[in-house]
Every structure is written in C-alpha cells, then in structure tokens.
Amino acid sequence: MGDYLKGKKWRHWIGVVVFVIVVCAGGFYGHKVYRESHPKLLTETQIKNNLGIHLSRQLISSQKNLEKKYTHAEEDSDYTIEHMFVKTNPYKTSPLTALAIFHTDQAARVSYTVVGKTNGTSISNDTTKNSKTHRINVVGLYANTANRVEFTITYADGHVQKKTIMVQTQALPKSLANINIQVKMANKEQMAIGKNSLTVFTRTTKEPFAIDADGQIRWYSTEYNQHIFKTLKNDHLLILRKQNNSQLVYNDLVETNYLGKIYRNYQFSNKTSSTENLKAKHKSDVETTAIHHDVIELPNGNLLATVSDGSKFIEDTMVEINRQTGKVVRVIDLKRIFPMDMYAQYDATKRSDGKVDWLHQNAINYDEKDNSIIISSRHQDLVMKLNYETMRPIWILSGKPKADWPKKWQKHVLRYANGTTINGGQHDARVIPGSQKDGQETISIYDNNYAVSYGDKKTTKKYSAGRELRINLKTMTAKEVWSYGQALGTANFTDRIGSNRLLANGNFLIDFGYLNAKNGDASNIVEVTREGYQVFNVELSNLQSKGYVYRAYRIHIS
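Definitions and limits used
For every chain, the first residue of the written sequence is number 1, and numbering continues from 1 onward in sequence order. Local features in this predicted model are restricted to residues of pLDDT 70 or higher, and side-chain atom pairs are both shown and tallied only at a pLDDT of 80 or more, whereas totals for entire chains, interfaces and linings draw on every residue. As a rule here, side-chain values cover all heavy atoms of the structure and leave hydrogens and water aside. Only runs of H or I of at least four residues qualify as helices and only runs of E of at least two qualify as strands under DSSP, and these elements are numbered from the N terminus. Any residue under 20% of the maximum accessible area for its type is buried, any over 50% is exposed, and the rest in between are partly exposed; the area is computed with a 1.4 Å probe on protein chains only. The contact definition used throughout considers only heavy atoms, calling two residues in contact when any of these lie within 4.5 Å. Accessible areas in this description were obtained via Shrake-Rupley with a 1.4 Å probe; residue shielding takes into account the shown protein chains only. Each salt bridge in this description consists of a side-chain nitrogen of Lys or Arg and a carboxyl oxygen of Asp or Glu lying within 4 Å of one another. We define the nonpolar core as a collection of buried residues of types Ala, Val, Leu, Ile, Met, Phe, Trp, Tyr and Cys that are connected through side-chain atoms lying within 4.5 Å of one another. For two strands to be treated as a pair, DSSP must find no fewer than two bridges joining them. Along the arc lie the directions from the helix axis toward the C-beta atoms. For this analysis, a ring pair means two rings from Phe, Tyr or Trp (six-membered ring only for Trp) whose centres lie within 6.5 Å, classed as stacked if their planes differ by under 30 degrees, edge-to-face if by over 60, and tilted for the remaining angles. Should the NZ of a Lys or the CZ of an Arg lie within 6 Å of a ring centre and within 35 degrees of the ring normal, that charge is described as sitting over the ring. Definition of a polar contact: a pair of N or O atoms within 3.5 Å, with one able to donate and the other able to accept a hydrogen when the atoms are protein atoms, and with sequence-neighbouring residues admitted only if both atoms are side-chain atoms.

Draft legend 1. The overall build of the protein chain, seen in detail. Of the regular secondary structure elements, the protein chain holds 8 helices and 33 strands. Buried residues in the protein chain amount to 56% of all 558 residues. Sequence separation of 24 or more characterises 58% of the internal contacts of the protein chain that already satisfy a separation of 6 or more. Accessible surface, the protein chain as shown: approximately 24,900 Å² in total, 50% of it carbon and sulfur.

Written out as structure tokens, the structure reads:
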C-alpha cells in the first residue's frame, strides 16, 4: 500500500512538471507568434536618421567653374547676334543641347528652332521676357549632325532680326545607339506634339532619353536615372540619379534642367538599402535606393517622396521634404495607417533578402481640389485616396472584400460597377484635373492586370491596359469609362511597370513597359485617341539589363 501511494505521488509531480513545461513552451511560442504578428515599428526619429536626407553641394560645386565661364560670357558685350557664344553640352551631361549667349543693343525677345529632318520634327522655343542679355538653352539637337538652329530676335519696336547657326554634335554612345527604335505608326497631324514636344522615357535604370515622332533620339542624359523624372512648376526637372554611374545606389534627388545644370541636390543615406544590395558582386543586378518609385511637388513647393524606412518592411513610407532646407518635415508610415495584418501577415510575394514588400507603393498624385493624395499599391492591387492632412480614407478601390476591411473603413470601399474589371498590380494612378464635379471624379491608371493579392484571377496575365474610371462618391461605385489594351492580348501584357497619361489634345500615351515575351527587354509605347485609334506606336528593344521604360511622358521640351 505504501509503495502504491509513493508511486502515485511521483506520478503527480511528474504530471505537474510536464504541465509546467508545456505551459512555458506554449507561452514562449505564443509570445513568439505575438512578436512576429505585432512587429515594433520605427519611430519618426529613427526613420529620419535612416534616410539621412540633407542638401549637398557636391554636384553643384563640380559645375562651379563651368558656371563662372558662362557668367563671364553674359557680361561680355562682344558676344552679339553675329558673334554668339555657343557651347554644346555645356554641363557635360547632356550632349544634345547647347547654350547660346549674346547681347542686343535694344531689349528683345528671342525664339529658336532646331530644324527637323522631316515634317513635324522641328523643336521651337521662345523666351518670355524682353532683355538685352540673352542666355538661350537650345534643346532637341540631333546626334552626329551639323544641326541648323534658327534664331528670331523680336525687338520692342516690332523690328525682327534672324540668325542661323550650325551646331555640331557627337555620335550617340553605344548604350543608346544599340537600342532598337522601331516606329510602327506616326500620324503627326493627330499626335500631341505641338511645336516642341518629345516623348521622354524614364527607365528602371540607365540613361533617360527622348525621341521625336520619327524615333530619332533628340535628348538624353549621360547620368543614369531611376524611376523619378518629373517636371516642376518652375520648368526644372526632378531626377533621381547617382553621384556617378559606377555607384551602386541612386541616392541623389536632383533639381536640374535639360542642359544638366544642377540647382539643388537632396542626398540620401545608404542605410535603407538592403545588405544584399550593398554586398552584391554584380552591381548592375541590384540597383536600389531609399526613394523607390515616385516624388511629387506639393502646392507649398515641398516634395513628397515614396521611401523605404530602413526596417524589414519596404516601400511603405512617405516623407515630405522641405524644398529649401532638405529637412524632413513629415513622416507618413503607412504601416501605422493600414490594418496590421496587411503587413504583419503578408505572404503574397517573397524577397530573397528577407524584406517584406507588402504594399509596394508605386505612385503618388496630389489632388488640390480636396487636399488629398492618391496612392497606388501594386502588391495589394489597391488604389486609394486619402485626405493629406488627416490621412483618413476618402475612397478605396480594391478587390479585397468589403467585410475584410476595418469597420470604420468599410463605408469608403468602392463597388465595381457592372462591366468594370478589378485592377491588378496597377501603376501610375492619377486624378484627371478638372474632372471633379457633382460628387464624381475620374482617375486614370495603367492596369497591369496582374493579380498579386486581390486582382481579377480570371483575366490576370491575359492583357494589360490603360484605363479611366469614374468614381461616384454618392453611390460609392467605380465605373470604367475608357480602356485600351485588351485587344492587344498577351503580346502587350506586362506584369510590372507602365504608365498611362492623358495628353493635352485628349489622346492617351500608354507605356507597356515590360514585355514578358521578351523578358522585359522591350517596351511598347502607343498614343491612342479616345476612340481607340493608334496615332503613334514605337517599340524599343535591346534596352540592356533593367533598361526597360518605367514611364513614358510627352513633354514640352525647354
């Protein structure tokens, strides 16, 4: 009997020990799961430190001697209309441009024309003020050509003087000369080209360049550019580039012009670049940076940029940068705005460096009508409009079921009207200016039609398209009102990048940027009318590694 009681006691204590071990192990596992599903987010200070944004004068200083030379030419009255100071490629980075400086005895306005080789390819610009000292930026020269440039000087009394000069340029570098540019269609009378517009290509990497309606390269920069290529309100350009092309990451956001003159340089730290990229042996394979897809100019002149914050979560933060000081004045961590499960439990895509790219924000657009921003998320198949002051949703365009959104957001979820395709992996989401009326507005997107999380699983990968959708805030619906691309089928399906822009004459310029059939080595850019007729079609191929066209713009060159 004693042995029985003794054995029972031992079994009791063994059970207690086992229970404690199980509870402790379960608790440890539970805490592990909790920690993984409730990640600690970075503070604003940590994000600012990781980005390390500051104004740098390094690139500007490198142009100091050149600028001094041109200032002296402006002060030298010996340079006249008959004896101009002319410098091709004045800032060493833009070979198809020239700087012309001269003086006139009376105040006058000056215009110039780079004479085109065929009809509809001349590039003309004029100055807006009367002056006796003239510093003219000539843009749109042909490569390896003695370019005919015609100047017209109009004096205040109405008298007109003309002068023609020849400007010789060098041949294109092999990297651009080897690109196959095939113009399949060019109806110049119906294209939105005006007197000085070129089609400009910003690429995922390599040199940005522009072509005329004949497919001739009429501008390029020798400096590699990634994604960001914007025209600012002062007609300067905002370009993301490197300190030099041999650098690994693009951490210089530069305010410049088509001649290559640098006005401001916002420099970023390397802290947000992944360890994999910084240690890479083959640099051409991994060219990434803190800024990844988009930067816009806000009404106050500040810049709003999409960035990675330096945590394991990437491409899900925005910062507002003071234009004058380079300081970050606002941090918008979208992880603090979206439901936590969207980033903590995301598994739709995987990265080899262990980073979590749950949002992949690839566009920002500001709408001054209601002080809002429109964002596009590739990996959530999501377009969303938010009040910029409060960052509260105004509307949500997504195939994600309404019931799966937080209750407080459900009233903002749009319903797709009959016949409207659910967008997937889309890019370049924008509100059409002037479309806001009676509680409705129109947005344009480039719909890759690539279902990452909530896109249309039935049509995914069958085509890509430029689209316009009418947002009705009274009925909370989204209805497709224009689309082009479905009839092109799989030949023009692109699982990544692309753009869709409404042009001044009502046509659309669509960039099918990454043609899968050719492993991304080709891009097809078309201009189509609202009725769906092509008036311009150019295919670019042999674009080099990651040299495909990220976005295409029809830009007034000046």
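There's plenty left to go through after this.
Draft legend 2. Representation of the pattern of salt bridges in the model. Under the criterion given, the structure shown has 30 salt bridges. Close ionic contact of D212 with R218 constitutes a salt bridge, the shortest N to O distance being 2.9 Å. Of the two residues, D212 and R218, both sit in the buried class. The residue E480 makes a salt bridge to R467 at a minimum N-O spacing of 3.0 Å.

Draft legend 3. Just the nonpolar core, in detail. Ranked by internal contacts, the top residues of the largest apolar core, which has 67 residues, are V138, V149, F151, F209 and F229. No other element matches strand β3 (residues 97–114), which puts 9 residues into this core. In contact with F229, other than residues within four places in its own chain, are V200, T202, P208, W219, L237, L238, I239, Y258, Y553 and I555. F313, Y346, V356 and I364 belong to the second largest nonpolar core, which has 29 residues in total.

Draft legend 4. Summary view of the sheet that holds strand β12 (residues 225–231). If you trace the 5 strands from one edge of the open sheet to the other, you get β1-β15-β14-β13-β12, paired in antiparallel fashion. Each edge of the open sheet is held by one strand with a lone partner, namely β1 (54–55) and β12. By the bridge criterion, 2 bridges tie β1 to strand β15 (residues 262–267) in an arrangement that is antiparallel. Across the sheet, H54 pairs through a bridge with Q267, a residue of β15.

Draft legend 5. Structural detail: helix α2 (residues 44–51). Buried within α2 we find I47, N50 and L51. Projected onto a plane normal to the axis of α2, the buried residues spread over an arc of 95° and lie on a single side. Turning to α2, the residues buried within the fold contact β17 (303–307), β18 (317–321) and β19 (328–333). Where α2 terminates, the next one or two residues include G52, which has phi positive at roughly 60°.

Draft legend 6. Examining the pairing of strand β13 (residues 237–241) more closely. Taken across its 5 residues, β13 has 5 buried, putting it largely inside the fold. Side-chain alternation along β13 places L237, I239 and R241 on one buried face and L238 and L240 on a second face that is also buried. The turn linking β12 back onto β13 is made up of 5 residues, and D235 within it adopts a positive phi angle of 70°. Two strands pair when backbone bridges link them, and β13 and strand β14 (residues 252–256) are joined in this way by 5 bridges, in the antiparallel orientation. Its bridge partner being in β14, I239 is matched across the sheet by V254.

Draft legend 7. Main features of the packing of aromatic side chains. The final tally for this structure, using the stated rule, is 19 aromatic pairs. Measuring from centroid to centroid gives 5.6 Å for Y343 and W358, while their planes differ by 50°, and the two rings are tilted. Of this pair, Y343 sits in helix α7 (residues 340–344) while W358 sits in the loop between α7 and β20 (361–367), and the two are 15 residues apart along the sequence. Cluster of aromatic residues (ring-pair linked, three or more members): F313, F338, Y343, W358, W405 and W409. The ring of Y514 has R496 lying over it, and the distance from NZ or CZ to the ring centre is 4.2 Å.

Draft legend 8. Structural view of the side chain of D495. Within the secondary structure layout, D495 lies in the loop between β28 (477–484) and β29 (499–502). Polar side-chain contacts of D495 include one of 2.8 Å to the side chain of R496. Setting aside chain neighbours within four positions, we find D495 in contact with R378, N448, Y450, Y514 and N516.

Draft legend 9. A look at the pairing of β20. Of all 7 residues in β20, 7 are buried, a share of seventy percent or more. When β20 meets strand β21 (residues 372–377), the two strands line up antiparallel, connected through 6 bridges. The residue of β21 that forms the bridge with I364 is I375. Hairpin connection, β20 to β21: the antiparallel pair is bridged by 4 residues, and N371 has positive phi, about 50°.

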